[in-house]
Amino acid sequence: PHAPNDVAYVAAQVKVEDFPAFDAATSLGSLTNSELELLGYLLEGLDLKAAAQAVGANYDTKRKQIQRILDKLGFKSQIAMLRSISVSLTAHLIEELLSQLPSDAEAALARKHYGQALIVTRISIGEGIDVPVWDIGDRNGTPVVYFHNMLTPIIFSDSLPEILREHNLRILMVPRHFFDVNEIPDSHARQKHIIDGIASALSYLTSGPIICLGDSAGCSWAVRFAHSHPKMVSELHLSATPQSGANLKSPTLFTDVSARIRSSEQIIYGLTRIYNTISRSPVFSKRALFYMYRASPADLATLDQAFSDFQLSGWLTLIANRAVHSSLDEVVSLQRDWISDLFEMEVPVTFWHGTEDPICPIDEIQALAAKLEKASFKVFDGAVHFLISQKLGDLAAAFATIRRAK
């Protein structure tokens, strides 16, 4: 925190004993000084031959030594070990370097836009986790738990509080990026832990059935929540639902990346590194998003407003700096077979989709909806990807109509 303003690089020394363990039994503390030295050169990007030359040792000697390191740390390959250490090291250093930031920086950022309309409740679930719930709308209204997209936990709409009050609705947003559950080693286990925590918090805050709403990357979370806690959910709504790309004639960037991720786990880590690096620079992140949505003027207009009025660059930077593991989990969650959960549920499902969505085209999800027994499909002609922000009033009116019909 005391570095001069013109510093371009920071060198950080991490004590071996402070480095996070990979599980309860293995850590870098089990390595010898010679093994740590070799590992350091490999983390710098040297291959094993160059690392052996750097320490003045025979290649075969170091090849045997790297096998001992793998055995000690419980990894099957050098690539998997270096990837895991790099991600853990990045998260550790970011946490140390940014420890001076307030712990609830995300809530402070949300309040910048919603002000007094936002009520933040933090609920401790026994010895589990602290669950922050952001509450907007009519306190006696029908509760809608909103599983947000990847960019930010908030909805890009100036009129959100007014629309919710008009239709007697209450949005409960849970900023899942900022849960402190990194001690759980598996991303699927982390997601389950978070979802169970959210369910416990919502059962405390609400008494009746909940409408569950998923937005883009949040759809997989919404489906898992409804599948895991069906008695809490009266209906499930999915907006701009992501797709596998299996039946698409012209796969999109999203489906192409998804296919590549499923073919190689390493791509998840590389993609997340690139995403977080870009997100830390407001200039780069804006350029990248505008390029991704370049074929959709309506989405570009929503993004432009989000950067100017909703602190989108601040959200992207905060998530990239504070939520390294969560960024990985977002990508992993989308690749989980959550579509199968839809076929196992009794909860009625409604898909909301724009006909001109450039990221998640309508075709495959429309076909999926036709196969589900309790599914309906709502189409917005000419609408695009940021459907909830652009058509919030229509969605809220539809929720009110469905509620009256029941």
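Worth saying up front: this structure is predicted, and the values here are computed from it rather than measured.

### Notes on the nonpolar core
One finds Tyr114, Trp134, Ile154, Leu289, Leu312 and Trp315 to be the most contacted residues of the largest nonpolar core, which totals 49 residues. The contacts of Leu312, once residues within four sequence positions are left out, are Leu151, Thr152, Phe156, Leu289, Leu303, Ala306 and Phe307. Counting residues in each nonpolar core, the second largest holds 39 residues, with Val174, Val233, Val347 and Leu368 among its members.

### Describing helix H14 (residues 324-335)
Among the 12 residues of H14, 12 are classified as buried, and the element is accordingly described as predominantly covered. Val324, His325, Ser326, Ser327, Leu328, Asp329, Glu330, Val331, Val332, Ser333, Leu334 and Gln335 are the residues of H14 that are buried.

### Concerning the confidence of the model for the protein chain
On average, the protein chain scores 82 in pLDDT, and the residues at 70 or more come to 83%. Taken element by element, the predicted model of the protein chain shows its lowest mean pLDDT in helix H9 (residues 253-263) (52) and its highest in strand S5 (residues 210-215) (95). Here residues 245-250 is modelled with pLDDT under 50, and outside its nearest four sequence neighbours on either side it reaches eight contacts, counting other chains as well.

### Observations regarding the sheet that holds strand S7 (residues 349-354)
Strand order in this open sheet of eight strands is S1-S2-S4-S3-S5-S6-S7-S8, and the pairing throughout is mixed. Sheet topology places strand S1 (119-124) and strand S8 (375-380) at the edges, where each strand pairs with a single neighbour. Pairs of neighbouring strands in the sheet enclose a mean axial angle of 25°, with direction left out of account. Pairing analysis gives four bridges linking strand S6 (residues 233-239) to S7, with the strands arranged parallel. Among the inter-strand pairings, Leu236 is bridged to a residue of S7, identified as Val349. The strands touched by helix H8 (residues 219-228) within the sheet are strand S3 (142-147), S5 and S6, with S6 carrying the most contacts at an inclination of about 165°.

### Re the packing of aromatic side chains
Going through the model one piece at a time under the given rule, you end up with nine aromatic pairs. Of note, Arg294 hangs over the ring of Tyr291, and the distance from its end group to the ring centre comes to 4.0 Å.

### Quick notes on the pattern of salt bridges
Taken as a whole and judged by the stated rule, the model has nine salt bridges. As a salt-bridge pair, Arg68 and Glu35 come within 4.0 Å of each other at their nearest N and O atoms. Placement of Arg68 in helix H3 (residues 59-73) and of Glu35 in helix H1 (residues 33-43) is noted, with a sequence separation of 33 residues between them. Looking at Arg68, the relative accessible area reads 43%, which means it is partly exposed. Classification of Glu35 as buried rests on a relative accessible area of 3%.

Definitions and cut-offs
- Think of each chain on its own: its residues are numbered from 1, step by step along the sequence as written.
- For this predicted model, a pLDDT threshold of at least 70 governs which residues receive local features, and a threshold of 80 or more governs which side-chain atom pairs are given and counted, while totals over whole chains, interfaces and linings are taken from all residues.
- Side-chain measures here rest on the full set of heavy atoms in the structure, leaving out hydrogens and waters.
- Residues enter a nonpolar core if they are buried and are Ala, Val, Leu, Ile, Met, Phe, Trp, Tyr or Cys, with the set joined through side-chain atoms within 4.5 Å.
- Burial classes: relative accessible area under 20% of the type maximum marks a residue as buried, over 50% as exposed, and values in between as partly exposed (1.4 Å probe, protein chains only).
- Whether two residues touch is decided by their heavy atoms; if any such pair falls within 4.5 Å, the residues are in contact.
- Working definition: helices are DSSP H or I runs of at least four residues, strands are E runs of at least two. Numbering for both runs from the N terminus.
- Predictor confidence is given residue by residue as pLDDT, running from a minimum of 0 to a maximum of 100.
- Only when DSSP finds a minimum of two bridges between them are two strands counted as paired.
- Each axis is a line fitted through C-alpha atoms, and for a helix only the stretch in contact is used; angles between axes span 0 to 180 degrees, taken between their N-to-C directions.
- When two rings of Phe, Tyr or Trp (its six-membered ring) have centres within 6.5 Å they constitute a pair, described as stacked for plane angles under 30 degrees, edge-to-face for angles over 60, and tilted for the intermediate range.
- Here, over-ring charges are defined by two tests on the NZ atom of lysine or the CZ atom of arginine: distance to the ring centre within 6 Å, and angle to the ring normal within 35 degrees.
- Salt bridge, as applied in this entry: a Lys or Arg side-chain nitrogen positioned within 4 Å of an Asp or Glu carboxyl oxygen.

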